[in-house]
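# Examining the three-dimensional arrangement
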Amino acid sequence: MKSSCVTNYDMTLEEYRNENGLSYQKLARKLGFKEATVARRWCLPKNHPQALTPSPRNMSLILEVTMSSVTPNDFIIRRV
């Protein structure tokens, strides 16, 4: 899959979204969702009460769409 998006490694989904100029709605659509809510909640800081961790199926989708810029570790390991 070809993409014109910026790809850096070891970044959060929120960093990916910002670097690629994507709204939550555009990110959601890119990931195959109609509503922006799920993408927004995946982008929230890990300690936020509304933050969600993607399911394994959705993590695979995020890996593919972001060309491995965002990995499962980026949702699990807290970086400072």
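Now for a quick tour of the structure. (Residues numbered from 1 in each chain as written. Predicted model: local features only at pLDDT ≥ 70, side-chain atom pairs only at ≥ 80, totals over all residues. Heavy atoms only, no water.)

## Some details on the packing of aromatic side chains
Aromatic rings considered in pairs are described by the distance between their centres and by the relative angle of their planes. Basically, it comes down to this: Any pair of Phe, Tyr and Trp rings, taking the six-membered ring for Trp, is counted once the centres come within 6.5 Å. Such a pair is stacked with planes under 30 degrees apart, edge-to-face with planes over 60 apart, and tilted for the rest. Only protein chains enter the area calculation, which uses a 1.4 Å probe; residues under 20% of their type maximum are buried, those over 50% are exposed, and those in between are partly exposed. By definition, being over a ring means that NZ of Lys or CZ of Arg is both within 6 Å of the ring centre and within 35 degrees of the ring normal.
With the rule as written, the count across this model stands at one aromatic pair. Consider the rings of F33 and W42, whose centres lie 5.6 Å apart with planes at 85 degrees: the pair is edge-to-face. Relative accessible area serves as the criterion here: at 6%, W42 is assigned to the buried category. Here the guanidinium or amino end of R17 rests over the ring plane of Y24, the centre of that ring lying 3.8 Å away.

## Quick notes on the nonpolar core
Rules: Put simply, a nonpolar core is a bunch of buried Ala, Val, Leu, Ile, Met, Phe, Trp, Tyr and Cys residues held in one set by side-chain atoms that sit within 4.5 Å of each other. By the criteria applied, helices consist of DSSP H or I runs no shorter than four residues and strands consist of E runs no shorter than two, each listed in order from the N terminus. The contact definition used throughout considers only heavy atoms, calling two residues in contact when any of these lie within 4.5 Å.
If you look at the biggest cluster of nonpolar residues, it comprises 15 residues, and the most contacted ones within it are L13, L27, I62, V70 and F75. Residue assignment for this core shows that the elements contributing at least two residues are α1 (13-19), α2 (24-30), α3 (37-43) and α4 (56-65). Setting aside chain neighbours within four positions, we find L27 in contact with L13, R17, L22, A39 and C43.

## A closer look at the pattern of salt bridges
We count it as follows: Note on definitions: salt bridges are taken to be side-chain nitrogens of Lys or Arg within 4 Å of carboxyl oxygens of Asp or Glu.
Applying the stated criterion to the full structure yields one salt bridge. One salt bridge in this structure joins E14 and R17, with 2.9 Å as the shortest N-O distance. Taken together, the residues span about one helical turn, with E14 and R17 both in helix α1 at a distance of three residues. Each member of the pair, E14 as well as R17, is classed as buried.

## Description of α4
We apply this condition: Read the arc as the range of directions from the helix axis to the C-beta atoms.
Every buried residue of α4 is listed here: N58, M59, I62 and V65. Looking straight down α4, one finds its buried side chains confined to an arc of 130 degrees; they lie on one side. Set apart from the buried face of α4 by more than 90 degrees, the exposed residues are P56 and R57. Buried residues in α4 make contact with α1, α2, α3 and α5 (73-76).

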